[in-house]
Amino acid sequence: MTPNMTETRPFSQFKNEHQPTKTKHLINLLRGWPAPSLLPTHLIQAKANEVLSDPAIAISALQYAPDPGYQPLREALAEYLCKVYPSLDEFESAGQPRTFSSSEEECSASIKDVWEAENFAITGGASQSIACVLQSFTDPGYTRGIIISAPCYFLGCPIFEDAGFAGRLYAVREDEEDGMDLERLRGLLEGEDGRGSGDFVGEVRYKNPGKDRKIYRYVIYLVATSANPSGKTMSVEKRRRMVELARKHDALIISDDVYDFLQWTTADKISATNMKQRNIRPLPTLSQIDIALGRSPHDPPGKHFGHAISNASFSKLAGPGMRTGWIHGTKDFVHGFSVTGTNRSGGAASQFAAAILAKMLQSGELPAWIDGVVKPALQERYQLIMKAIKEELPDIVEVWNGNGPNEVSGDVSVFGGYFVWLTFPETIDTERLAQRAREEENLIIAPGTLFEVKGDEKNGGFRNNVRLCFSWEDKKNIVEGIKRLARVLGRILKDDDDLIHSDTAKIGMAREYKQLQEQELRDSC
């Protein structure tokens, strides 16, 4: 059993008395959307009315945006995030807990200059902003490639390919504890494994960065907190070391920080009051760590572009349809981003939605909604799916259950986001498992192969993994979905034709599982 994996029930207790039917309603455990009950429609309606009722705000909200985005939202983000994120000083000594009381939320004077309005640009969401970053800060003739943490957010790969990097997406696997393996990352950056370097010299041929932007040699892409799909959160120490590597090798880190505010302790009982009293503070962003280190040798004279940005979104907080997010980085980087052609022609994205969201932040109603409604609901759904997995799936299936207590999280185990990541025996082909789940149980799940880095699958194969989402379906469907998955798995374990016969040992193991199951069925008759 690997670290931080939850054991499921013994295989000898696993039953398979149910047969597939064609009348079952659809259950979708692939869809990574917020449930309708987690959308603050009443707040959006109220704040939209406020915006449209005040001509001074309405006219600005309905006109073209300034290049860096709606200024009141930039200011509201600076004020809010300065209170939410801790200073780096808090992590200099061991034992600093990540929990804090809402009544103690203050902006540390030591980090105010990191969280100023000029450190933010408003975007059309995390995906749109990646595309803009690639337009302005990479050149396929000079940038050697895109390094991606694996398993990865699979819809990110087409964005990188569309920017001219097809065939140059490089996977670096996560380790068993807290995200991307930095030794493998170092080896790739230094050309030890033959990817991304070699004889590639490169020159800036297709872009004109001018004085407002620069072209990076590499891009490193990851979800540092509650990663999609694995759920892992990178430690502060590893974040520091990643930034150091990026600064040494002229790489730009893009961290999708969309789940930073959706974390909880795995042991807490569920209540809105408890959430407010024992709130989980996000770890410092990679951008925050990078800004604090100042200019690097790769910065042009008189400029400070930095080597890390936080790429965030309101999609999981207020609804994907708001199509609004932000990047956080150095002031020079934010300015360079804001003069990207797609920003200058029409201004920053989502001006009207940004005006509504600014009102929701300024009033404190959006943070209250996140802490009082969204996080307790997600925690409850997480506990339901974990309980169902433990009760319904055999103990040959492992599931990641969060970053445990350590020097930066204090005495709490932390989980967050939308997904759980299952590991099946290597004899199980989860593509076939997903196919049979759809055909036999009307259940949609995401096989691990979906999360491999496109074009570099051999360096990040996940054929025996499955991602399950607990944010979309209602609670009874989450539990029923796991029961359906268990039934399909049971049938596959009985059907030798749907097992992977990679070697004799694996075949023998699969047959042993089947014999145990058959004995259990005989005993129950």
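Here, every reference points to the structure presented above.
Right, let's walk through the structure included here. (Residues numbered from 1 in each chain as written. Predicted model: local features only at pLDDT ≥ 70, side-chain atom pairs only at ≥ 80, totals over all residues. Heavy atoms only, no water.)

## Some thoughts on the layout of surface pockets
So, step 1. In this structure, the largest pocket encloses a volume near 620 Å³.
So, step 2. In terms of lining residues, the largest pocket is bounded by 28 residues, among which Gly32, Trp33, Tyr153, Leu155 and Lys316 are the most central.
So, step 3. Per-element accounting of the lining of the largest pocket gives the leading share, three residues, to helix α4 (residues 126–137).
So, step 4. Its residues assigned to classes, the lining of the largest pocket comprises 17 nonpolar, six polar and five charged. (1 Å grid on protein atoms, 1.4 Å probe; cavity = no way out; pocket = protein on both sides within 12 Å on 5 of 7 lines; lining within 4 Å. Points joined across faces, edges and corners; volume = space filled by probe spheres on them. Helix = DSSP H or I, 4+ residues; strand = E, 2+ residues; numbered from the N terminus. Nonpolar A, V, L, I, M, F, W, Y, C, P; charged D, E, K, R; others polar.)

## With respect to helix α2 (residues 55–62)
So, step 1. Within α2, burial applies to Ile57, Ala58 and Ala61. On an axial view of α2, the arc spanned by its buried residues comes to 100°, and they lie on one face. Set apart from the buried face of α2 by more than 90 degrees, the exposed residues are Pro55, Ala56 and Ile59.
So, step 2. Contacts made by the buried residues of α2 are with α1 (41–53) and α12 (351–362).
So, step 3. The N-cap of α2, judged by a side-chain oxygen 3.0 Å from the amide nitrogen of Ala56 a few residues on, is Asp54. (Buried < 20%, exposed > 50% of the residue type's maximum accessible area, 1.4 Å probe, protein only. Arc of directions from axis to C-beta. Contact = heavy atoms within 4.5 Å. Polar contact = N/O pair within 3.5 Å; in protein donor to acceptor, adjacent residues only side chain to side chain.)

## Observations regarding the sheet that holds strand β12 (residues 325–328)
So, step 1. Ordered by their spatial adjacency, seven strands build an open sheet running β4-β12-β11-β8-β7-β5-β6, and the pairing between neighbours is mixed. At either margin of the open sheet sits one strand with a lone partner, and together these are β4 (120–123) and β6 (169–173). Across the sheet, the mean angle from the axis of one strand to that of its neighbour is 20°, orientation sign disregarded.
So, step 2. Sheet topology places strand β5 (residues 145–150) next to strand β7 (residues 218–222); four bridges connect them, and they run parallel. Its bridge partner being in β7, Ile147 is matched across the sheet by Ile220.
So, step 3. Contacting β4, β5, β7, β8 (251–256), β11 (308–313) and β12, α4 crosses the sheet at an angle of about 150° to β11.
So, step 4. The strands that helix α7 (residues 236–248) touches are β7 and β8; relative to β8, the one it contacts most, it runs at about 145°. (Pairing = 2+ DSSP bridges. Axes fitted to C-alpha atoms, helices over the stretch in contact; angles between N-to-C directions.)

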